Amino acid sequence: MSRRRDLWLLLPRPVRRLPADLAAMLAVVVLTNAVVFLPIVRESPVRVVLGLPFVLFVPGYVFIAALFPEAGQPPTQEALAEAEADDGDDSGYSLKGPLGGPLGSDRGIDGIERVALAFGLSIAITPLIGLALNFTPWGIRLAPIMVSLSGFTVVMTAVAAVRRWELPEDDRFVVPYREWLAAGREEVFEPSSRTDAVLNVALAISVVLALGSVGYAIAVPPEGEQFSEFYLLTEAEDGQEVANAEGLVADNYPTNFTQGEERSLVVGIGNQEHERANYTVVVEIQRVDIVDNETVVRESTELRRFRTTLAHNETWHRQHTVAPRMTGENLRLQYLLYRGEPPEEIDTSTAYRDLHLWVNVSSA
């Protein structure tokens, strides 16, 4: 116990004095940043569990805490009667607070109002921060959004803490954890009637089922569309805007070859099948004719064949050269993608994906 107290005293005094609810908000910020950026847990369901309150509750709560540092009480019957009397005033004016209490009363806002306003303001604050980021060089991306929301929360928490410390201790807002726990324990274990006991059991079962359903939906999300990306790239020329960090672009494909001349291309595969998959790529040069709006292959020669195995969400690039020996105009440089080993008959009808370039090959 003494050692724990010694460790607690190592923290700066403002941190030790931080109100429990504001400390909880900072804890959510720290944990959310950890699960978003740490490689071990960033793909786990914990990211969703912490991310939702981080976006939809925490920013609004600390903002409300900064605006209303004082404790509040639920509206009294006299105050509500006064408000109803104002409704019947001949002047036609009725001034009310956010949840129906008389506006301008010095009762502050209570815990229920704080929670309701926290959700509403969070839904307004988060898009506004995103809109502001849209006009910055960083844009709306994960890291800038996390930094911005975290920074906003930390600043508002500091403002809220300072404003509370400036009030007399009896006037500060405090979350009544002990009262809630005592009331909950009494309601569960000492119900006033058999009906209350039955309702408590039904409520507990409903909460367990709801949490179980939400947990299952987060832990076992439905699989999205299953597909494989298949594409061709080339190396970017000097000064050309590149599409990725490897300096590759989907442009400037070679169209004119000399017989036997080697030209470089990059074939790419992206696995979005939600499972590990084996792929085979077959490259052919084909002489084709158009007959009744259908493409008929008259002659074909296999140029290259590649194999790879990819996990879900993994991408593979293979730089290679093609050197067609077949000559002619409007030849089809055909790339065929197969899952697993290809069949004996190699054509577009048996391929999983296909793409092609129209090329001219002149004699050497």
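Up top is the structure.
Residues numbered from 1 in each chain as written. Predicted model: local features only at pLDDT ≥ 70, side-chain atom pairs only at ≥ 80, totals over all residues. Heavy atoms only, no water.

Draft legend 1. The side chain of Q272, seen in detail. Along the polypeptide, Q272 turns up in strand β4 (residues 263-272). Looking at Q272, its side chain comes within polar contact range of the side chain of N313, at 3.1 Å. Excluding residues within four positions of it along the chain, Q272 makes contact with E225, Q226, F227, E229, H312 and N313. (Helix = DSSP H or I, 4+ residues; strand = E, 2+ residues; numbered from the N terminus. Polar contact = N/O pair within 3.5 Å; in protein donor to acceptor, adjacent residues only side chain to side chain. Contact = heavy atoms within 4.5 Å.)

Draft legend 2. Structural view of the side chain of S122. Looking at where S122 falls in the secondary structure, it is placed in helix α7 (residues 111-134). Within the structure, S122 has its side chain in polar contact with the backbone nitrogen of G60 (distance 2.7 Å). Once residues within four sequence positions are removed from consideration, S122 is found in contact with V55, L56, F57, V58, P59, G60, Y61 and P127.

Draft legend 3. Expanded view of the packing of aromatic side chains. Throughout the structure, instances matching the rule amount to three aromatic pairs. Three or more aromatic residues joined by ring pairs form one cluster here, namely F57, Y61 and F119. For R114, the ring lying beneath its charged end belongs to F173, and the centroid distance is 3.8 Å. Directly above the aromatic system of F257 lies the positively charged group of R263, at a separation of 5.4 Å from the ring centroid. (Phe/Tyr/Trp six-rings, centres within 6.5 Å; stacked < 30°, edge-to-face > 60°. Lys NZ or Arg CZ within 6 Å of the ring centre and 35° of its normal.)

Draft legend 4. Quick peek at unusual backbone geometry. The backbone of N252 sits at a positive phi, close to 55 degrees, despite the residue not being glycine. Along the chain, N252 turns up in the loop between β2 (248-249) and β3 (256-258). For N252, a relative accessible area of 35% translates into the label partly exposed. A positive phi angle is found at D292, which is not glycine, with a value near 50 degrees. One can find D292 in the loop between β5 (277-291) and β6 (294-310). (Buried < 20%, exposed > 50% of the residue type's maximum accessible area, 1.4 Å probe, protein only.)

Draft legend 5. View of the nonpolar core. L22, M25, F54 and Y61 are the most contacted members of the largest nonpolar core, which has 26 residues in total. Contributing elements (two or more residues each) for this core: α3 (20-37), α4 (46-56), α5 (58-67), α7 and α8 (142-165). Dropping the residues within four chain positions of it, M25 is found in contact with F57, V58, Y61 and V62. Core analysis: the second largest hydrophobic core is formed by 24 residues, F230, L331, L355 and V361 among them. (Core = buried A, V, L, I, M, F, W, Y, C linked by side-chain atoms within 4.5 Å.)

Draft legend 6. Here's a closer look at a nonpolar patch on the surface. A cluster of nonpolar side chains, V48, L52, L56, V115, F119 and I123, forms an exposed patch at the surface whose accessible area comes to about 500 Å². Elements with a minimum of two residues in the nonpolar patch: α4 and α7. (Patch = residues over 30% accessible without salt bridge, like charges linked within 9 Å, V, L, I, M, F, W, Y side chains within 5 Å. Areas by Shrake-Rupley, 256 points an atom, 1.4 Å probe, with all protein chains shown as cover. Salt bridge = Lys/Arg side-chain N within 4 Å of Asp/Glu carboxyl O.)

Draft legend 7. Main features of α5. Judged by how many residues are buried, α5 sits mostly within the fold: eight of 10 residues are covered. Close packing links the buried residues of α5 with α3, α4, α7 and α8.

Draft legend 8. Layout of the pattern of salt bridges. Enumeration according to the criterion identifies seven salt bridges in this entry. The salt bridge partner of E275 is R339, with a shortest N-O separation of 3.1 Å. Residue E275 is found in the loop between β4 and β5, and its partner R339 is found in strand β8 (residues 328-339); the two are separated by 64 residues along the sequence. On the accessibility criterion, E275 (40% relative accessible area) is partly exposed. You can call R339 partly exposed: its relative accessible area is 35%. The structure contains a network of salt bridges with shared partners spanning E273, E275 and R339.

Function cannot be read off these values alone, since they describe shape.
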